[in-house]
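Here is what each chain is made of, one letter per residue.
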Amino acid sequence: MAACPGNGIGWRVVSQTQTEVRTVHAGLIGSGIQRSRTPAMHVEEARCNGIECRYDLIDLDVLGVGADALPGLIRQAQEDGFAGLNITHPCKQAATHEVDELSEHAEALGAINTIVFRDGRRIGHNTDWWGFASGFRRGLLGAHVGNVVLIGAGGAGVAVAHALATLGAQTIRVFDIDPQRTARLVAQLAPHHAACRFEAGEDMARHRLGKERAAGGDEGDRSRLKGRQSEAHLQHQWQQEGD
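Counting starts from 1 at the beginning of each chain's written sequence and moves along it residue by residue. This being a predicted model, a pLDDT of at least 70 is required before a residue's local features are given, and a value of 80 or more before pairs of side-chain atoms are given or counted; all residues contribute to the totals for chains, interfaces and linings. As a rule here, side-chain values cover all heavy atoms of the structure and leave hydrogens and water aside.

## Things to note about the overall build of the protein chain
What counts as a helix is a DSSP run of H or I of at least four residues, what counts as a strand is a run of E of at least two, and both are numbered from the N terminus. Tallying secondary structure elements over the protein chain gives 9 helices and 12 strands in all. The burial tally for the protein chain puts 36% of its 243 residues in the buried class. The contacts in the protein chain between residues at least 6 apart in sequence include a share of 60% that link residues at least 24 apart. Split by element, the accessible area of the protein chain, about 14700 Å² in all, is 50% carbon and sulfur. Accessibility here uses a 1.4 Å probe with only protein chains present; expressed as a share of the type maximum, an area under 20% marks a residue as buried, one over 50% as exposed, and anything in between as partly exposed. In this analysis, two residues are considered to be in contact whenever any of their non-hydrogen atoms come within 4.5 Å of each other. In these tables, accessible area is a Shrake-Rupley quantity obtained with a 1.4 Å probe, and a residue counts as shielded only by the protein chains included in the view.

So, in structure tokens, the structure goes:
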């Protein structure tokens, strides 16, 4: 009888007479997740690797509880023999306080989307940044990332900024409608990326209009201002939807 390694989730035990498929139990904790495609994705990936996966949705809305129920939900999953959990909104930051160990990237980002239960311990990981970095490498191979403008400093923005700095960005200028959120991103990531300079950008529309005024003439300024205000409004809507 020989053990055939799988993808890190489980393994198949193979003999000359039979193949025993290991069953892995995992789940997702979050709010409003009934339409999530995560269960189907994990079940299919497990099947392709010879693993039978049970994947549960642990929806705070369905349970009628808030993020304060997170410690009990994680504890129950561990006691029930889950191999691990995925974590999504609004629990990614709170979950960092419910694990025994954080990966290097999870510590830098201050949020986790994955908990692995191993030998009685809980290990927190963040793969959000890796997803962006991997897609960037595949889709924009050879693109120069020396100087970057990042719009949005929410949870996704922090992960993208971390990914870009990891990919070699030298300067990342961050724009957000909330200056405090921008300041938090800079303060959070700067200590982890000595080779990258993080800067808080000013209002994009006002900044561009000021440059145009300095470049010459008042003619057309009113129409340009109106256009910039519309642009700023759209940026505001986009950021709200993205976060």
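Further notes follow.
## Notes on the pairing of strand β8 (residues 114-118)
The pairing of strand β6 (residues 84-87) with β8 spans 3 bridges and is classified as antiparallel. Across the sheet, G84 pairs through a bridge with V116, a residue of β8. By the convention used here, strands pair only if DSSP detects at least 2 bridges between them. The pairing of β8 with strand β9 (residues 121-125) spans 5 bridges and is antiparallel. Paired with T114 across the two strands is H125, which belongs to β9. Between β8 and β9, which follow one another and run antiparallel, lie 2 residues, and D119 among them has a positive phi close to 55°.

## Observations concerning the packing of aromatic side chains
Aromatic ring pairs are described here by two measures, namely the spacing of the ring centres and the angle between the planes. Pairing of aromatic side chains here covers Phe, Tyr and the six-membered ring of Trp, requires ring centres within 6.5 Å, and sorts the geometry by plane angle: under 30 degrees stacked, over 60 edge-to-face, intermediate tilted. Considering all chains together, one arrives at 1 aromatic pair under this definition. A ring pair is formed by F132 and F136, whose centres lie 5.9 Å apart and whose planes are at 35°; its orientation type is tilted. Here the residue F132 and the residue F136 both occupy positions in helix α5 (residues 128-139), the gap between them amounting to 4 residues, near one helical turn.

## So, the nonpolar core
Counting 23 residues, the largest nonpolar core has L150, I172, L185, L189 and F198 as the members making the most contacts within it. For this core, the secondary-structure elements that each account for two or more residues are α5, β10 (147-151), α6 (155-166), β11 (171-175) and α7 (179-189). Tallying contributions element by element places α6 first for this core, with 7 residues. Setting aside residues up to four positions removed in sequence, L150 forms contacts with G157, V160, A161, I172, R173, V174, F175 and L185. In these notes, a set of buried Ala, Val, Leu, Ile, Met, Phe, Trp, Tyr and Cys residues joined through side-chain atoms within 4.5 Å is what counts as a nonpolar core. Counting 17 residues, the second-largest nonpolar core is a separate cluster that includes L73, I74, F82 and C91.

## A closer look at helix α3 (residues 70-79)
Those residues of α3 not exposed but buried are L70, L73, I74 and A77. Take α3 and look down its axis: the buried residues cluster within an arc of 95°, on one side only. Tucked into the core, α3 has its buried residues touching β4 (23-30), β5 (52-59), α2 (60-63), β6, β8 and β9. Residue G81 follows α3 closely and has a positive phi angle near 90°. As used here, the arc is the angular range of directions from the helix axis to the C-beta atoms.

## Digging into the environment of I151
Take I151: it is sitting in strand β10. For I151, a relative accessible area of 31% puts it in the partly exposed group. Along the chain, I151 and T182 lie 31 residues apart, while their C-alpha atoms are 9.8 Å from each other.

## Some remarks on the sheet that holds β11
Hydrogen bonds along the backbone pair up the strands of a sheet, which may run parallel or antiparallel. What the 3 strands build is an open sheet, ordered β10-β11-β12; its pairing is parallel. Two strands bound the open sheet, and with one partner strand each, they are β10 and β12 (197-200). Neighbour to neighbour, the strand axes of the sheet diverge by 20° on average, direction disregarded. Pairing of β11 with β12, which is carried by 4 bridges, proceeds in the parallel orientation. Following the sheet pairing, T171 is matched in β12 by R197. Lines are fitted to the C-alpha atoms to define the axes, a helix being fitted only along its stretch in contact, and any angle between axes, read from their N-to-C directions, falls within 0 to 180 degrees.

## Brief notes about the confidence of the model for the protein chain
The predicted model of the protein chain has a mean per-residue pLDDT of 84, with 75% of residues at 70 or higher. For residues 1-15, every residue scores under 50 in pLDDT, and the model assigns this stretch 29 contacts once sequence neighbours within four places are set aside. The pLDDT score gives, residue by residue, the confidence of the prediction method on a 0 to 100 scale.

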